[in-house]
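# Fold and geometry: a report
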Amino acid sequence: MKRKKVLIIDDEVDFGFLMNEFFSKKECVVFVANSIATGLGLLQQERPDYLLLDNNLPDGLGWSKTEFIVANYPKTNLILISAMEVPTTNSSSFRILYKPLLAGELIKIFV
């Protein structure tokens with residue numbers, strides 16, 4: 001069985017570490033980037049099954065990249081994560097989760 005790939009783009013090192021631990025225990029291959037630029041490079045290179053994209057990053061807002069990601073990587077399940085409110089959307093192409101994340105929320109997505 002092919003292991004699922006998960007890309008986490010978040011500038012909070014502790015969050016990246018915790019998510020890496022969480023998904024590694026679920027037998028996933030995990031990639032972590034601390035900026036949009038690095039993350040988009042990994043997205044293109046690795047073509048992950050799941051992308052957890054933080055909204056507030058040093059080099060921009062994750063929200064501003066959602067349309068590009070959905071259009072160019074339709075097989076990647078995009079989950080935007082944010083500690084602040086983001087504009088509402090009717091898009092069913094990606095999910096929005098708010099920090100602090102609960103393990104149950106992640107389990108529902110990755111089961």
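Note that the coordinates shown come from a computational prediction; the quantities given were computed from them, not determined experimentally. (Residues numbered from 1 in each chain as written. Predicted model: local features only at pLDDT ≥ 70, side-chain atom pairs only at ≥ 80, totals over all residues. Heavy atoms only, no water.)

## Comments concerning the layout of surface pockets
Keep this limit in mind: Of the two site types, the cavity is a set of points on a 1 Å grid over the protein atoms alone where a 1.4 Å probe fits but cannot get out, and the pocket is an open set with protein on both sides within 12 Å along at least five of seven lines, each lined by residues with an atom within 4 Å of a point. Grid points are joined across faces, edges and corners, and a volume is the space filled by probe spheres set on the points.
The volume enclosed by the largest pocket comes to roughly 160 Å³. Along its surface, the largest pocket is lined by Met1, Lys2, Arg3, Lys4, Lys26, Glu27, Cys28 and Phe110.

## A closer look at the pattern of salt bridges
Threshold: Just to be clear on terms, a salt bridge is a Lys or Arg side-chain nitrogen sitting within 4 Å of an Asp or Glu carboxyl oxygen. Strands are runs of DSSP state E lasting at least two residues, helices are runs of H or I lasting at least four, and both sets are numbered from the N terminus onward.
On inspection of all chains with the given rule, the structure shows five salt bridges. When the shortest N-O distance is used, the salt bridge between Lys99 and Asp10 registers 2.8 Å. Here Lys99, found in the loop between strand 7 (94-98) and helix 4 (103-110), pairs with Asp10, found in the loop between strand 1 (5-9) and helix 1 (13-24); they are 89 residues apart in sequence, far enough to count as distant. Across the salt bridge formed by Glu12 and Lys99, the nearest N and O atoms sit 3.4 Å from each other.

## A look at unusual backbone geometry
Formally: Burial classification: accessible surface area is computed with a 1.4 Å probe over protein chains only, and a residue below 20% of its type maximum counts as buried, one above 50% as exposed, and the rest as partly exposed.
Cis geometry is found at the peptide bond from Lys99 to Pro100, where omega equals 0°. Topologically, Pro100 is positioned in the loop between strand 7 and helix 4. Despite not being glycine, Glu27 shows a phi value in the positive range, around 65°. Among the secondary structure elements, Glu27 is positioned in the loop between helix 1 and strand 2 (29-33). Owing to a relative accessible area of 55%, Glu27 belongs among the exposed residues under this scheme. Its identity is not glycine, yet Arg47 carries a phi of approximately 50°, on the positive side. Mapped onto the elements of the fold, Arg47 is located in the loop between helix 2 (36-46) and strand 3 (50-54).

Any functional reading would require information that these geometric values do not contain.
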